[in-house]
Amino acid sequence: MCEDSTVNLPSIVSVQVLNSTADGKKYITSEESQKHNKASDLWISIQGKVYNVTEWAKIHPGGDIPLMNLAGQDVTDAFIAFHPGLAWQHLNKLFTGYHLKDYQVSEVSKDYRKLASEFAKAGMFEKKGHGVIYSLCFVSLLLSACVYWVFIV
Ligand code: HEM
């Protein structure tokens, strides 16, 4: 009897720690998150936090297609790439309260990072100077010259 309680105690303690967690956060697995992949039940995760975007998809300025395509997945990189800083403000109200227990960089994010680094190596993100401004000034000058030529001369 006495032996039983000393053997059981550690296992009870460890189960409680796994379910409620020492940091007070609620956790689910990526597998569980991926089950929410329908238009009527749509979750995504960003930096390990899980968001319910079922209603948001209907009013998302970028449409519902990007959200449907990435349903149930970690979309951190796509979110960062397509949005201004203000978009982060929308996230709080969509938070499910769950964090991903097994959070790691998804295949989508790995592909994105690979593509972004290839583009960067090819110099596609480098600043090209003020070409557009110079062109606009040049066109304005031409226009002014034409107006002067037609109406003044
Ligand atoms: C909870 C998640 C998301 C939130 C809160 C959100 C929020 C927003 C907001 C506020 C805008 C308007 C941005 C602006 O005013 O310039 C926007 C646009 C957009 N979003 Fe999202 N978004 C989310 C997820 C995603 C995902 C996963 C993608 C995937 C690629 C995406 C793609 C886009 C695109 C393509 C636009 C249009 C950009 C443009 O037309 O300039 N969004 N989103």
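Residues numbered from 1 in each chain as written. Predicted model: local features only at pLDDT ≥ 70, side-chain atom pairs only at ≥ 80, totals over all residues.

Looking only at helices and strands, the chain has eight helices and five strands in total. Its helices and strands taken in sequence order, the chain reads α-β-α-β-β-β-α-α-α-α-β-α-α from the N to the C terminus. Burial analysis of the chain (153 residues in total) assigns 10% to the buried set. Contacts in the chain between residues at least 24 apart in sequence constitute 68% of all its contacts with a sequence separation of at least 6. (Helix = DSSP H or I, 4+ residues; strand = E, 2+ residues; numbered from the N terminus. Buried ≥ 20, exposed ≤ 12 C-beta atoms within 10 Å, placed from the backbone. Contact = placed C-beta atoms within 7 Å.)

Sequence positions flagged by UniProt for "transmembrane region" (unreviewed entry) are, in local numbering, residues 131-151. Helix makes up 100% of residues 131-151 and strand 0%. Its end C-alpha atoms lie 30 Å apart. (UniProt positions renumbered as here; feature names shortened; annotations may be inferred.)

Here we come to the site of the ligand. Around the ligand sit 20 residues, and of these Pro 61, Gly 62, Pro 66, Ala 78 and His 90 come closest. Counting only elements with at least two residues in the shell around the ligand, the list comes to helix H4 (65-69), helix H5 (76-82) and helix H6 (91-94). Residue composition of the shell around the ligand, by class: 16 nonpolar, four polar and no charged. (Near = placed C-beta within 6 Å. Nonpolar A, V, L, I, M, F, W, Y, C, P; charged D, E, K, R; others polar.)

Another point: helix H7 (residues 107-121). With 15 residues, H7 extends 21 Å from end C-alpha to end C-alpha; this agrees with the ideal 21 Å at 1.5 Å per step. Burial analysis of H7 places just zero of its 15 residues in the buried class, a small minority of the element. At the C-terminal side of H7, Gly 123 shows a positive phi close to 80°. (Expected span 1.5 Å × (residues − 1).)

Bringing the confidence of the model for the chain into the picture now. Taken over all residues, the pLDDT of the chain has a mean of 82, while the share at 70 or more is 84%. This stretch, residues 1-19, has a pLDDT under 50; its non-local contacts, to residues over four places away or in other chains, come to one contact. Reported confidences for the modelled complex are a pTM of 0.70 and an ipTM of 0.92. (pLDDT = per-residue confidence, 0-100.)

Let us now look at the UniProt feature "domain: Cytochrome b5 heme-binding" (unreviewed entry) in the chain. As recorded in UniProt, the feature "domain: Cytochrome b5 heme-binding" (unreviewed entry) lies at residues 25-109. From the first C-alpha to the last, residues 25-109 spans 25 Å; its make-up is 33% helix and 25% strand.

Let's shift gears to the sheet that holds strand E4 (residues 49-52). What the five strands build is an open sheet, ordered E1-E5-E4-E3-E2; its pairing is mixed. Across the chains shown, the open sheet's two edge strands, defined by having one partner strand only, are strand E1 (26-28) and strand E2 (37-38). The pairing of E4 with strand E5 (residues 95-100) spans two bridges and is antiparallel. Across the sheet, Tyr 51 pairs through a bridge with Phe 95, a residue of E5. (Pairing = 2+ DSSP bridges.)

So, on to the nonpolar core. Grouped together as the largest cluster of nonpolar side chains are eleven residues: Leu 42, Trp 43, Ile 44, Val 50, Tyr 51, Val 53, Leu 67, Ala 71, Val 75, Ala 78 and Tyr 98. Of all elements in the fold, only strand E3 (41-46) and E4 reach the threshold of two or more residues within this core. Residues in contact with Val 50, not counting those within four places in the same chain, are Ile 28, Ser 33, Trp 43, Ser 45, Thr 96, Tyr 98, His 99 and Leu 100. (Core = buried A, V, L, I, M, F, W, Y, C linked by C-beta atoms within 7 Å.)

Every α-helix winds through 3.6 residues per turn, so residues three or four apart in the chain are directed the same way. With 22 residues, helix H8 (residues 131-152) extends 31 Å between its outermost C-alpha atoms, agreeing within 8% with the 32 Å of an ideal straight helix rising 1.5 Å per residue. Counting buried residues along H8, only zero of its 22 residues qualify, which leaves the element largely exposed.

On to the environment of Tyr 27. If you trace the backbone, Tyr 27 turns up in strand E1. For Tyr 27, a count of 18 C-beta atoms within 10 Å corresponds to the partly exposed category. When the C-alpha atoms of Tyr 27 and Asp 102 are compared, they prove to be 8.9 Å apart, with 75 residues separating the residues in sequence. Excluding residues within four positions of it along the chain, Tyr 27 makes contact with Thr 21, Tyr 98, His 99 and Lys 101.

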